[in-house]
Amino acid sequence: MGKKAVKASFSVKSKKKKMIGPPAKISNLEKRSREYLTVGEVKELIDSAKELGRHGSRDALLILITYRHALRVSEATDLKWDQIDLNRGRMHVNRLKNGDPSVHYLEGDEIRALRKLRRDYPISEFVFASERQGPLSPNAVHKIVARAGIEAGLELSVHPHMLRHGKGYQLASEGVDTRAIQAYMGHKNIQHTVLYTQLDPRRFKGFGKDVKL
């Protein structure tokens, strides 16, 4: 083989070596235009989850409670029945990432659905149990939410943490006090809560009235 052929062969091999390795990570902004869900989108997710598979009722309730109580995935999967007081309609929320725990009210539809879930999964100590009666894995929750998003025909690529963000923005848009939102979501630092209030559109109301069509 001549020098030119050897050089060309080495060049091809070098290019192949450079191509080996994991692809560059795509930013969240490239995958989706926002990182939260609207109330209407959450409702569509819940309705779709109900119709998917043998565990539709469980999965729909998982999405509802994750959204209403602004749970992280690990907080939802670790939720146990001893944190639930169905008689008084209360739920003790343990927060991760050094967050502050709190006690949330349960609405009537949650209580009824939780009673049914307890009958359907009587053995497990975990509220959202797998077929083996252990907790659902975070990966399983991601798949449940993503599949419901596809079934609902949502244009966004949906993941579970968008439910927590959705609740934060919903509370802010309703004019709920920032300190109350902070306590509800378990934020240690109020700067994390302020991110939700910054997207409250009410402060910009009327800004576009100067020019008419």
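These numbers come from a predicted model, not from an experiment. (Residues numbered from 1 in each chain as written. Predicted model: local features only at pLDDT ≥ 70, side-chain atom pairs only at ≥ 80, totals over all residues. Heavy atoms only, no water.)

Student: Explain the nonpolar core here, please?
Tutor: Side chains of nonpolar character tend, in soluble globular proteins, to be buried together. Ranked by internal contacts, the top residues of the largest apolar core, which has 40 residues, are L45, I84, L114 and F128. Looking at this core, the elements with two or more residues in it are α3 (39–50), α4 (56–68), α5 (73–77), β2 (90–93), α6 (108–120), α7 (138–152) and α8 (161–173). Sequence-distant contacts of L45, defined by excluding residues within four places in its chain, comprise L37, I63, V145, A148, G149, L154, V158 and L163. Residues Y169, L171, A172 and I181 belong to the second largest nonpolar core, which totals 7 residues. (Core = buried A, V, L, I, M, F, W, Y, C linked by side-chain atoms within 4.5 Å. Buried < 20%, exposed > 50% of the residue type's maximum accessible area, 1.4 Å probe, protein only. Helix = DSSP H or I, 4+ residues; strand = E, 2+ residues; numbered from the N terminus. Contact = heavy atoms within 4.5 Å.)

Student: When you look at the environment of Y36 in this model, what are you seeing that I'm missing?
Tutor: With respect to the helices and strands, Y36 occurs in the loop between α2 (28–31) and α3. Separated by 127 residues in the primary sequence, Y36 and L163 have C-alpha atoms spaced 6.5 Å apart. Filtering out sequence-adjacent residues up to four positions away, Y36 remains in contact with E41, L156, M162, H165, G166, Y169 and L199.

Student: Before we go on, may I ask you to explain the pairing of strand β3 (residues 102–105) in this structure?
Tutor: The two faces of a sheet get side chains in turn, since along a regular strand they alternate between them. With burial as the criterion, only one face of β3 is covered, namely that bearing S102 and H104; the residues V103 and Y105 on the opposite face remain uncovered. For β2 and β3, the ladder comprises 4 bridges, and the chain directions are antiparallel. By the bridge assignment for β3, V93 is matched with S102. (Pairing = 2+ DSSP bridges.)

Student: Sorry if this is basic, but what is going on with the packing of aromatic side chains here?
Tutor: Any two aromatic rings considered together are summarised by their centre-to-centre distance and by the angle between their planes. Taken as a whole and assessed by the stated rule, the structure comprises 2 aromatic pairs. When the centroid spacing of 4.4 Å and the interplanar angle of 55° are considered together, the rings of Y36 and Y169 count as tilted. A residue pair is termed long-range when its members are at least 10 positions apart, and Y36 in the loop between α2 and α3 and Y169 in helix α8 qualify at 133 residues. Ring geometry for Y169 against Y196: centres 4.8 Å apart, planes inclined by 80°, an arrangement best described as edge-to-face. Separated by 27 residues along the polypeptide, Y169 in helix α8 and Y196 in helix α10 (residues 190–197) bring together distant segments of the chain. Residue class for Y196 comes out buried when judged on its relative accessible area of 4%. Three or more aromatic residues link up through ring pairs in this structure, and these residues are Y36, Y169 and Y196. Taking NZ or CZ as reference, R34 lies 5.4 Å from the ring centre of Y36, over its face. (Phe/Tyr/Trp six-rings, centres within 6.5 Å; stacked < 30°, edge-to-face > 60°. Lys NZ or Arg CZ within 6 Å of the ring centre and 35° of its normal.)

Student: Hey, could you run me through the sheet that holds β2 in this one?
Tutor: The strands that make up a sheet are held in pairs by hydrogen bonds between backbone atoms, and each pair lies either parallel or antiparallel. Pairing within the open sheet is antiparallel, and its 3 strands lie in the order β1-β2-β3. In this open sheet, the two edge strands, each paired with only one partner strand, are β1 (84–85) and β3.

Student: Got a minute to help me understand the pattern of salt bridges in this structure?
Tutor: A side chain of one charge can pair with a side chain of the opposite charge if their charged atoms are brought near each other. A full pass over the atoms with the stated rule returns 11 salt bridges. The closest approach of N and O atoms between D47 and K43, which form a salt bridge, is 2.9 Å. Taken together, the residues span about one helical turn, with D47 and K43 both in helix α3 at a distance of 4 residues. D120 is paired through a salt bridge with K116; the nearest N and O atoms lie 2.9 Å apart. Note that D120 and K116 are positioned in helix α6 at a spacing of 4 residues, about one turn of the helix. Take K116: its relative accessible area is 36%, and that puts it in the partly exposed class. Connected through shared salt-bridge partners, R68, D109 and E110 make up one network. (Salt bridge = Lys/Arg side-chain N within 4 Å of Asp/Glu carboxyl O.)

Student: Sorry, what's going on with α8 here?
Tutor: The periodicity of an α-helix, 3.6 residues per turn, causes residues three or four positions apart to be oriented the same way. Compared with an ideal rise of 1.5 Å per residue, which puts 13 residues at 18 Å, α8 spans 19 Å between its outermost C-alpha atoms and is within 8% of the ideal. Within α8, 10 of the 13 residues are buried, leaving the element largely enclosed by the surrounding structure. Buried residues of α8: M162, L163, R164, G166, K167, G168, Y169, Q170, L171 and A172, and no others. The inward-facing, buried residues of α8 contact α3, α4, α7, α9 (178–185) and α10. G175, located one to two residues past α8, shows a positive phi value of around 80°. (Expected span 1.5 Å × (residues − 1).)

Student: So what exactly am I meant to see when it comes to the side chain of R95 here?
Tutor: Tracing the chain through its elements places R95 in the loop between β2 and β3. The exposure class of R95 is buried, given its relative accessible area of 7%. Within polar-contact distance, the side chain of R95 engages the backbone oxygen of H69 at 2.9 Å. Within the local environment of R95, its side chain forms a polar contact with the side chain of E75, the two groups lying 2.8 Å apart. Excluding anything up to four places from it in sequence, R95 contacts H69, A70, L71, R72, E75, D100, P101, H104, R164, Y184, M185 and G186. (Polar contact = N/O pair within 3.5 Å; in protein donor to acceptor, adjacent residues only side chain to side chain.)

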